[in-house]
Structures are given as C-alpha cells and as structure tokens.
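Working through the structure, step by step
Here is how the chains run, residue by residue.
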Amino acid sequence: MEFSRSDENNLSLTRFESMLKTNNVLFFDSNEFENIIQHYLEIGKIALAKKAIKLGLEQHPTSVNLKLFQVEIYVIENKLEHADKILDELYEIEPSNEEIYVQKANVLSKRDEHEMAINTLKIALKLSNNDEDDSDLYALIGMEYLFLDKFEEAKEYFIKCLELDMHDYSALYNIIYCFDFLDQNEEAINFLTQYLDSNPYCEVAWHQLGKQYFAIKDYKKALAAFDFAIISDDTFVGAYLEKGKVLEKQQQYNNAIENYKITLALDEPTSFALLRIGHCYEKLGNDDLAVQYFYKTVHEDPLLDKGWIAITKFYNKKRNFQKALYYINKAINIDCENVIYWKLYAQINHQLNFLEEAERGYKKTLELGNYELQTWLSRSDILISLGEFEASIYNLIQAAEFYPETPEIEFRLAGLYFTLHESEKAHYHLKNGLLLDDEFYYILEELFPKVYNKISVKEIISNSKKS
C-alpha cells in the first residue's frame, strides 16, 4: 500500500510525539524534521517546534534548512543577534540560497530597517526560480512598503502577487487597502472591474466593488455589486451585511432587516447585525422590536459600546430618563473609561436635575479627553448652580486654553467675578465678551440675573451696543 504525502507527515508526527512521551530517541531524516517543524509553526506550537529543531540539529548538524528554522525561532523571540550570527554562517556555505535573504529581511524588518529589508528581498527575488516563491516574495516586499507608508509601491507588489495567482485574495484585500488609504475610490473601481472581467464569479471582488461604490455614495451600483457577490456565493455573510447598510441608506428598512436576518441564519449572530436591525425597527416606529434587538446586541457583545449607547439614547428620546440612567450605569460598570458613556451619564443626570452626579459626569468626560466647548460650559453652569463659583472659574480658565476669545466663556467669567465682588476682573471679561460678540449678553441675564440688573452693568452693555 502506498502512503500519500499527508499520511507520511501524519506518521512522522505520531512517531515524534510518541518519542517525546516515552523519552526514546528515534531517528528521523531531515525532511521529516522540516515537515514536523513547519506543522508546529503553522499551528502556533512554538515550544514543540523548538524541541523538533533541537533534536533535528542533533541528528543533522549540517542541515541548512533546519538552521533556517532555528533563525525563524530566534526572530520570533526577538533574539536578533543570534539570528544574525547563524545567517552569516549560512551565507558562507550557500550564498545563493534565497531563504537566507528572506530570513535576513525578517531580521532587518524587526529592527525597523524596512528599506534594507526590501533591498534584501529583491536579491532573494533574483535568486527565485518559481512563481510560488516569487508570489511570496512580492507579498513580503509589499508588506515592507506598507510599514513605510509607501502605499503606491506596496500596491504595485501586491498586484504582482495577483498577476501570478488571481485567487490570492489576501493580495486582493491588500491592494484595496492601499487604494482606500490613498482615497482612490475611482481607481479601485476601475481595477476591480478589470479584475472581474477575468474572474467574474469572485464574490470577494464583487463585495469590495460594492464597498467602493458605497464610499462614493453610488448606492444603486453598490447594491448591484453586493447582489452579484451573493449570486457568486449565497452564504457570503459580508455581502448581506453590506447590502443591508445600502438599503438603510435608501430608507428601505424592511428590506435591510431581511438581509441582516439572513446573516443571523447563516452564521452565529453578530452584534453588528442585531444592532442594525434594532435601528431599522426604530426608524419604522416599531419601538418594542427595536429595544428587543438592542437588548440582544448587548447580550451578544457586552463590550460593544454602540449597543449600550443605542439603548440609552432610545430611552432618552422617550424621556424615560430613569431607564436611560439605569442602562448607562450598567455600561459604565463594564467600561469605566468610555468617554461617550460618561457624557451620556452627565447629560441624563442633568435632565433629572441630579446636579452633583451630572457635574461628576462632565468632569470625568473632560478627564478622558472630551474637550468639546459644550462640555466645559455645561460643567461650569452646574458648578454655578451648586454655588461652586471658584471651581467654575477654574473650569472656565481651563476651557479658555482650548477656546481662547470665546464669548460664552467671557460672559460667564464676568458674571462669576461680579458675584465674587472682583470688580476689575469682572469688568475686563465683560468688555472682552462684548467686543467678541455682544449678542451673548443674555448669558448674564440667564445665569446671573442680579449681576445683569446692576445699573453699571446695563450701562456697559448699552454703550457697547450703541458703539
């Protein structure tokens, strides 16, 4: 009976693993060791790969290929000097071995010497003598160009991969990534159209073409492309999801729901599909089903902030602030560093007139890097309501660093300094506010009515308007 290559590999693996369990040393030829090591590297079992390399080199100390695997391990472990030493030794033995140059390029890439890595890979390319090796090298050169943010050059090499193998979808995705980064939607459309002329049933290409049309808002052509992707592969979940997004843009919410639901039947439910179904039902005015799908979204993926935000905003719009607050509190308990959660928390507490909690929310929002003007102003107004005038001033001075010469800040500072009887500062900020935009004097009227009703303040405002 003849064994296939796969049977031989399985037999070698079985013998090797049996040897490790029994500590009986068995002999393997160098090719067997190479296949065993390759298998372990492919499935990510680095420790077993290292054992196989060690035993392999003990039995075949002059094997160049086994030493190259040793180099690969050193690169993975960031032991670059060890890798370099072996590569220098191997170069003396086999200076025309392309794999030596590939591993040398890996070492250079790890050191962020990407230009040198590219030059080294190009030497390997000259030594290569088959299309499969050429394709791998083109891909490696393309990736090095990506590291350098040279997207035109990267695209050129990934296209070379696709020319050698039109079913190399990894190269296809990388080409489109380059087009996207360069904002070349029309060029990407032309490229994909030409590609589909020679590979008309490629669902990946139709899917990518649809995304390009979606990006330029040509929803009719995007829809047609996604339909062709589905015709090419009616189990292609991504095409149904993208088609749903297009139908939403066209306000065809029932059709969008239908496509999203197909994805739930084809594969495990995704939080994205559940969330989009919820939003579609919300647009259709079916609140019960909308909130039901929002609940399913957070149940499916509690870490997806968009799910919690959808539920919170749903109840916020219904003016059911207590429920909105309940769900935003749940969200914060899961991720207390999410700035959007804290902003919603602050706004809802503000609506409920829970001023201390609202102030805490706005403060946390600012600490997490949300420096929108309205956030500073809302916190300032709450501090004024709480009688925390000094804290409100400090908050506004910080805001002014981000938004200098802003009338909303100047009039508030004027009102606060008048309240604290710091007349010189008050007059300075009042005059500054009036110079910037005298229409904002209403801030004094609303937040500081006693200050606004002062005769001297009214005179300053009146004279400003006359001038």
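Here we summarise the structure given alongside this text. (Residues numbered from 1 in each chain as written. Predicted model: local features only at pLDDT ≥ 70, side-chain atom pairs only at ≥ 80, totals over all residues. Heavy atoms only, no water.)

**Structural notes on the overall build of the chain**
Counting its secondary structure elements, the chain contains 28 helices and 0 strands. In terms of overall dimensions, the chain is more spread out than a globule: its C-alpha atoms have a radius of gyration of 33 Å, far above the 23 Å expected for 467 residues. For the chain, the C-alpha atoms occupy an extent of roughly 105 × 55 × 50 Å along the three principal directions. The burial tally for the chain puts 46% of its 467 residues in the buried class. The long-range fraction of contacts in the chain, counting pairs at least 24 apart against all pairs at least 6 apart in sequence, stands at 49%. Carbon and sulfur atoms make up 49% of the accessible area of the chain, which amounts to about 25100 Å² in all. Side-chain charges of the chain comprise 49 positive and 78 negative groups, with the mean position of each set lying 8 Å from the other. (Helix = DSSP H or I, 4+ residues; strand = E, 2+ residues; numbered from the N terminus. Rg over C-alpha atoms; globule rule 2.2 N^0.38 Å. Buried < 20%, exposed > 50% of the residue type's maximum accessible area, 1.4 Å probe, protein only. Contact = heavy atoms within 4.5 Å. Areas by Shrake-Rupley, 256 points an atom, 1.4 Å probe, with all protein chains shown as cover. Lys, Arg positive; Asp, Glu negative; His and termini not counted. Charge placed at Lys NZ, Arg CZ, Asp CG, Glu CD.)

**Notes on the nonpolar core**
Leu 172, Leu 209, Ile 328 and Ile 348 are the most contacted members of the largest nonpolar core, which totals 88 residues. Beyond its immediate sequence surroundings of up to four residues, Ile 348 is in contact with Thr 312, Asn 316, Phe 321, Ala 324, Leu 325 and Ile 328. Counting 27 residues, the second largest nonpolar core, distinct from the first, contains Ala 399, Ile 409, Leu 413 and Ala 426. (Core = buried A, V, L, I, M, F, W, Y, C linked by side-chain atoms within 4.5 Å.)

**What to know about the pattern of salt bridges**
If you walk through the whole model with that rule in mind, you get 18 salt bridges. Arg 276 is the partner of Glu 248 in a salt bridge, and the nearest nitrogen-oxygen pair spans 2.7 Å. Taken together, the positions of Glu 248 in helix 14 (residues 237-249) and Arg 276 in helix 16 (residues 271-283) put the pair 28 residues apart, joining distant regions of the chain. Since its relative accessible area comes to 10%, Glu 248 is described here as buried. Each of Lys 50, Glu 77 and Lys 79 takes part in one network of salt bridges that share partners. (Salt bridge = Lys/Arg side-chain N within 4 Å of Asp/Glu carboxyl O.)

**Considerations on helix 6 (residues 98-110)**
With 13 residues, helix 6 extends 19 Å between its outermost C-alpha atoms, agreeing within 8% with the 18 Å of an ideal straight helix rising 1.5 Å per residue. When helix 6 is considered as a whole, its buried residues turn out to be Glu 98, Ile 100, Tyr 101, Val 102, Gln 103, Ala 105, Val 107, Leu 108 and Ser 109. Looking at the buried side of helix 6, the elements it contacts are helix 4 (64-76), helix 5 (80-93), helix 7 (114-127) and helix 8 (131-147). Capping the start of helix 6, Asn 97 holds a side-chain oxygen 2.9 Å from the backbone nitrogen of Glu 99, two or three residues further along. (Expected span 1.5 Å × (residues − 1). Polar contact = N/O pair within 3.5 Å; in protein donor to acceptor, adjacent residues only side chain to side chain.)

**What to know about the environment of Asn 130**
Positionally, Asn 130 belongs in the loop between helix 7 and helix 8. Classification of Asn 130 by relative accessible area gives partly exposed; the value is 30%. Within the local environment of Asn 130, its side chain forms a polar contact with the backbone nitrogen of Glu 132, the two atoms lying 3.2 Å apart.

**Description of the packing of helix 14 against helix 16**
The interhelical angle for the contact between helix 14 and helix 16, taken along N-to-C directions, is 20 degrees, at an axis separation of 11 Å. Overall, the two elements helix 14 and helix 16 adopt an arrangement that is roughly parallel. In the crossing of helix 14 with helix 16, the sense of the turn from one axis to the other is left-handed. Residues Leu 241, Lys 245 and Glu 248 of helix 14 lie in contact with helix 16, whose contacting residues are Phe 272, Ala 273, Arg 276 and Cys 280. Tallied by class, residues from the contact of helix 14 with helix 16 come to 4 nonpolar, no polar and 3 charged. (Axes fitted to C-alpha atoms, helices over the stretch in contact; angles between N-to-C directions. Parallel < 35°, antiparallel > 145°, perpendicular 65-115°, else oblique. Left-handed = near helix turned anticlockwise from the far one by under 90°. Nonpolar A, V, L, I, M, F, W, Y, C, P; charged D, E, K, R; others polar.)

**Looking at the environment of Thr 120**
Here Thr 120 is to be found in helix 7. For Thr 120, a relative accessible area of 11% puts it in the buried group. For the pair formed by Thr 120 and Lys 454, sequence separation is 334 residues and the distance between their alpha carbons is 79 Å. Beyond its immediate stretch of four places on either side in the chain, Thr 120 contacts Tyr 101, Lys 104, Ala 105 and Leu 108. In this structure the side chain of Thr 120 is engaged in a polar contact, spanning 2.8 Å, whose partner is the backbone oxygen of Met 116.

**Structural notes on the packing of helix 4 against helix 5**
Here helix 4 crosses helix 5 at 160 degrees, and the two axes come no closer than 8 Å. In terms of their interaxial angle, helix 4 and helix 5 are classed as roughly antiparallel. Of the two elements, helix 4 crosses helix 5, and the hand of that crossing is left-handed. Side by side, helix 4 and helix 5 meet where Val 64, Lys 67, Leu 68, Gln 70, Val 71, Tyr 74 and Val 75 of the first sit next to Leu 80, His 82, Ala 83, Ile 86, Leu 87 and Leu 90 of the second.

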